[in-house]
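One letter stands for each residue in the lines below.
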Amino acid sequence: MASGVELRSDIVDVYLFRRSRSGAEFLQMLRSEEPMKGTWHPIMGHMHEGEDAVSTALRELKEETGLGSRVGVNADGVSACGMSLGMWALEQVHPFFIARLNCIVFSPRFVVEVGPGWEPVLNEEHEAARWVLVDGVSGAGSEAFVWPGQRASVREVMEHIVRGGSQMEGLARV
């Protein structure tokens, strides 16, 4: 029998945000199933056999929120027909440990922007959804995210995507 901690990289995180006059609002989902039941988090999901990280992120978006994979916007600047305004790969991969599974997870992370009027359609994996206002690059409001890696991802999104003008914004677009 092998001992040690299992290392996994078959899970992706997707941070969904929309712009408001007060800052950026990040979607959090309340998990209804173990191992993270009762916790608020971004969209998360497991890769299927033969699936890459981007395909997994797009599939999980559709399954967990109803958001389609195409990019589109109507005349008012609102994401049209459940489509995103853009998708980026985040540079940082923040490992996290799940004690109940004796597992360290290395999770590729993505960010998707939707229009200000868009709302998710939840599946059975989640009991509720909420929008968390994050004010400025400092990430004020990011304390609503429990894990340090999630807060770091929110800061990365605020600095390089929301604020705009970063070289990363163009280079990381999916």
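Everything here concerns the structure above.
Rules of the game
Residues numbered from 1 in each chain as written. Predicted model: local features only at pLDDT ≥ 70, side-chain atom pairs only at ≥ 80, totals over all residues. Heavy atoms only, no water. 1 Å grid on protein atoms, 1.4 Å probe; cavity = no way out; pocket = protein on both sides within 12 Å on 5 of 7 lines; lining within 4 Å. Points joined across faces, edges and corners; volume = space filled by probe spheres on them. Helix = DSSP H or I, 4+ residues; strand = E, 2+ residues; numbered from the N terminus. Nonpolar A, V, L, I, M, F, W, Y, C, P; charged D, E, K, R; others polar. Pairing = 2+ DSSP bridges. Axes fitted to C-alpha atoms, helices over the stretch in contact; angles between N-to-C directions. Phe/Tyr/Trp six-rings, centres within 6.5 Å; stacked < 30°, edge-to-face > 60°. Buried < 20%, exposed > 50% of the residue type's maximum accessible area, 1.4 Å probe, protein only. Lys NZ or Arg CZ within 6 Å of the ring centre and 35° of its normal.

Some thoughts on the layout of surface pockets
And then number 1: Reported here for the largest pocket is a volume of approximately 290 Å³.
And then number 2: In terms of lining residues, the largest pocket is bounded by 17 residues, among which Met36, Phe96, Phe97, Ile98 and Trp147 are the most central.
And then number 3: Taken together, the elements giving at least two residues each to the lining of the largest pocket come down to strand 7 (96–98) and helix 2 (148–162).
And then number 4: Looking at the lining of the largest pocket residue by residue, the classes come out as 10 nonpolar, four polar and three charged.
And then number 5: Taken as a whole, the second largest pocket spans an internal volume of roughly 240 Å³.
And then number 6: Along its surface, the second largest pocket is lined by 16 residues, and Ile11, Arg31, Pro35, Met44 and His46 are the ones closest to its centre.

Brief notes about the sheet that holds strand 7
And then number 1: Strand order in the open sheet formed by three strands is 1-8-7, with mixed pairing between adjacent strands. Each having just a single partner strand, strand 1 (6–8) and strand 7 make up the two edges of the open sheet. Direction aside, the axes of adjacent strands within the sheet are offset by 25° on average.
And then number 2: Where strand 1 meets strand 8 (residues 103–105), three bridges bridge the pair, whose relative direction is parallel. When the sheet's bridge partners are listed, Glu6 is paired in strand 8 with Cys103.

Some thoughts on the packing of aromatic side chains
And then number 1: Scanning the entire structure with this criterion turns up four aromatic pairs.
And then number 2: Between the aromatic rings of Tyr15 and Phe145, the centroid separation amounts to 6.2 Å while the plane-to-plane angle is 45°, which identifies the pairing as tilted. Remark: Phe145 occurs in the loop between strand 10 (126–134) and helix 2 and Tyr15 occurs in strand 2 (residues 11–20); sequence separation between them is 130 residues.
And then number 3: Phe145 gets classed as buried once you look at its relative accessible area, which sits at 0%.
And then number 4: Positioned over the ring face of Trp131 is Arg18, at 3.8 Å from the centre of the ring.
And then number 5: When the ring centre of Trp40 is taken as reference, the NZ or CZ atom of Arg130 above it lies at 4.1 Å.

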